[in-house]
Every structure is written in C-alpha cells, then in structure tokens.
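An overview of the molecular structure
Residue-level listing of the chains:
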Amino acid sequence: MGKKQKPEELEVGSGLVLVDKPAGLTSHDVVGRIRKLAGTRKVGHAGTLDPMATGVLVVGINRATRLLTHIVGVDKTYTATVRLGQSTSTDDAEGEVLQTRFANAVTPEAIAAEIAKLTGAIQQVPATVSAIKVDGQRAHARARAGEEVALKSRDVTVHDFEVFEIRRIDGGKLVDVDIEVRVSSGTYVRALARDLGEALEVGGHLTALRRTAVGSYSIDQTLTLDQLGEDFGYIGLAEAAEHLFPARQLTAEETENLGYGRRITASGTGEDPQLTAAFAPDGELVALLIDVPAKKGASASPDAAHAADSDSIDYQAKPELVFAISTGPGSTDSASADSGSQTAGTGAQPAGTGVTQPPGASE
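In short, a report on the structure.

What counts and what doesn't
- Residues numbered from 1 in each chain as written.
- Predicted model: local features only at pLDDT ≥ 70, side-chain atom pairs only at ≥ 80, totals over all residues.
- Heavy atoms only, no water.
- Helix = DSSP H or I, 4+ residues; strand = E, 2+ residues; numbered from the N terminus.
- Salt bridge = Lys/Arg side-chain N within 4 Å of Asp/Glu carboxyl O.
- Buried < 20%, exposed > 50% of the residue type's maximum accessible area, 1.4 Å probe, protein only.
- Contact = heavy atoms within 4.5 Å.
- Pairing = 2+ DSSP bridges.

**Description of the environment of A105**
Its location among the elements puts A105 in the loop between β6 (97–100) and α3 (108–117). Note: C-alpha distance between A105 and L200 (95 residues apart in sequence) is 9.7 Å.

In structure tokens:
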C-alpha cells in the first residue's frame, strides 16, 4: 500500500477493487461504499453475493467496469456449511424453516455418495428466491408475493465438491457439513445444499457461505471496507487485464489502428478464439481483441485487409472493446470506445499471483 490518503484526497483512475464483503451488506451496498471512497459514480461488481455471504467481491471502477462482463463468467470457489435436517423457504438460514426431519441416520458414507452425484456437469434448478426473471419479474419478488414460482433447470458444472468436517448437533438430530466447492458461473450453492438434503431425504439449507476465489483472484488479495477507507488500494486497469486475458504487445502502428476501431492481423490461428488484451509499447491497455474470420470491406489495417483478400480462410483480430482512442484524421466513433483517461491507482492493491449475476447465483 502507498501513502495513506483520505477518500476526498483521492484521484482514482480505473481498476479493480477486491473487497472482502462483510455479512449483512448487499453487493449493491458495497458498490455504494466504493462510489463514495473512489469519488466516482462509475462503479459496478462482477457476481452478486447474498447479504449473509462474505468474501471476494470484484468491484470495477471507471473504465474497468467494462471488464466485469468477462469476469462474471469465471469459476468461483466457496466454503460453506450445509445443515441437514431442515428445509427453509430460501434454501439458507435467512429463510423460514419449512420442515424439520431428523438426520440421525445420515452417515458420512451416504453424504459422500450423494455429493458424488452432485459433482461434474449437472442439471440444477436455481433457488426460488433469486433474481432470475420470470415473465419480466424477479423470481424472489414473485415468491415473496406468495406466488408459486417454477424455475427451469439449467446446465451447471461443479468442478470440486469436498467435505471438510461433519458435526452432529441438537443431540444428533441435525447434521452440519462443512464443504468447499468450485463451481461454474450460474451455480447456486444454496441449491446444492437443498439438493443434497433432499437426496438424503432429510432436507438441507446453507447456514454459512464465504466466497474464497473468483477466477484467479483469491481471498488473501482482498481488503475490507474499513481498510479501503484508510488506504484505497486497487489493481490498475492494465494490470487487471494482464491477469485476466492472454497478452499481446502491439506496435505503434497497430496501436494507432486499434484506436481508430480498425481490425489488425490475427492474434493466433483463429482455431480457438479467445479474448486477448492488447497493450501499447508504453504498457497502456489499448483494447480487448478476438480473432474472427477476415471480412472484406471491414475497416482494417493494410496487413489485416490483405488477409480478407486472400482466397483461403484467414482471420483478423477484431477490437471488442477499445480503451485508448486515436484522435485526428481517420478516427472513428466506435460504440465500444471509451475516452476516459487512465491514471495510476493510489495505494495500489498488491498484484495477484494469479487475478452481474443474480443473487445466490454461484454463491
């Protein structure tokens, strides 16, 4: 961390803030706090955490908010406690207990067998109290209004599902299972607790949830809101992009062409297209690129235009997002361009050694 500065003294640029969200606050509450600390309205987050949940919340400020769409879809890791023997209206401890069934007979072997069935590519019905829209209205709003809400199952992936400890409470009538899961975006950990309990015929819900990683960003890289109030640390835009995407170093000519919104020569072979972060010779993030089939007539650099004129199938690198706009003759008004300037972050967040969806999704 750099020199401590009061929030009103900060001149914040663009970057990612890794927040250790406390229990009791919504993700929107955290965004509001960051807006005040950073002195900017342009703040968003990548993946909601329920109020009872804690842990890694990735918050983007200024131009880095445009990276958030690409962070939402990464895998996430959680530690949690599943209580077997009780079902609730929200599939977590904040809901009303709907049914209690003795879990005395549940064995570790039975728990392991059902967890194995919930691991890998599975079909999951999201938690009813969620922000998924049903006929234009949030599911949680319909459920709290007393409506019957029937959500469709969807494909999710539970990469890892491990049990740390099994504890019997209330004289053995209830069983608490401490777990860790790594899941794909859109997976509801609350729904995993519910489904585990139902498979064991005793019901289940979450009593604790902590997100410990979002992609390659981990809990040990986060700062609390109190810490941020003392020393506002964040990962600068260029560094954040470098951790999130493969990097491509540009020439001065390529930098200029991308700034005009033109395509340039492909980053790879085009066989496995993925977003690539393109950096100017001075290290500034210029654009996010994706290789696409070359297209005749598309605005492109001379070398990229030549690829479109060839008879064989060839590729060009298309700018998906442009962060540094070229000005002067030939500049284009690209809808994806952003004219905001980048400044170095004060009290920079330590670099990671590695890097908005509905409430409860993947939480």
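Okay, back to it.
**Here we look at the pattern of salt bridges**
Under the definition given, this model contains 13 salt bridges. A salt bridge links E114 to K117, with the nearest nitrogen and oxygen atoms 3.4 Å apart. Linking E114 with K117, this pair stays in helix α3, spanning three residues, or about one helical turn. Using a relative accessible area of 58% as the deciding quantity, one classes K117 as exposed. In this structure, R248 and E254 form a salt bridge, with 3.0 Å as the shortest nitrogen-oxygen distance. Residue R248 shares its accessibility class with E254, and that shared class is buried. Among the charged side chains, a network of salt bridges with common partners joins R83, E165, R167, D176 and D178.

**What to know about helix α8 (residues 252–259)**
Those residues of α8 not exposed but buried are E254, T255, N257, L258 and G259. Those residues of α8 that are buried are in contact with β15 (247–249), β16 (264–265), β17 (276–279), β18 (285–293) and β19 (315–322).

**Focus on the pairing of strand β10 (residues 154–169)**
In the case of a regular strand, side chains alternate between the two sheet surfaces. Examined bridge by bridge, strand β7 (residues 120–124) and β10 share five bridges and lie antiparallel to one another. Residue pairing in the sheet places G120 in a bridge with V158 of β10. Two elements, β10 and strand β11 (residues 174–183), share ten bridges in a ladder whose sense is antiparallel. Counterpart to R168 in the pairing with β11 is V175. Linking β10 back to β11 in an antiparallel pair, the connection comprises four residues, with D170 at a positive phi of about 55°.

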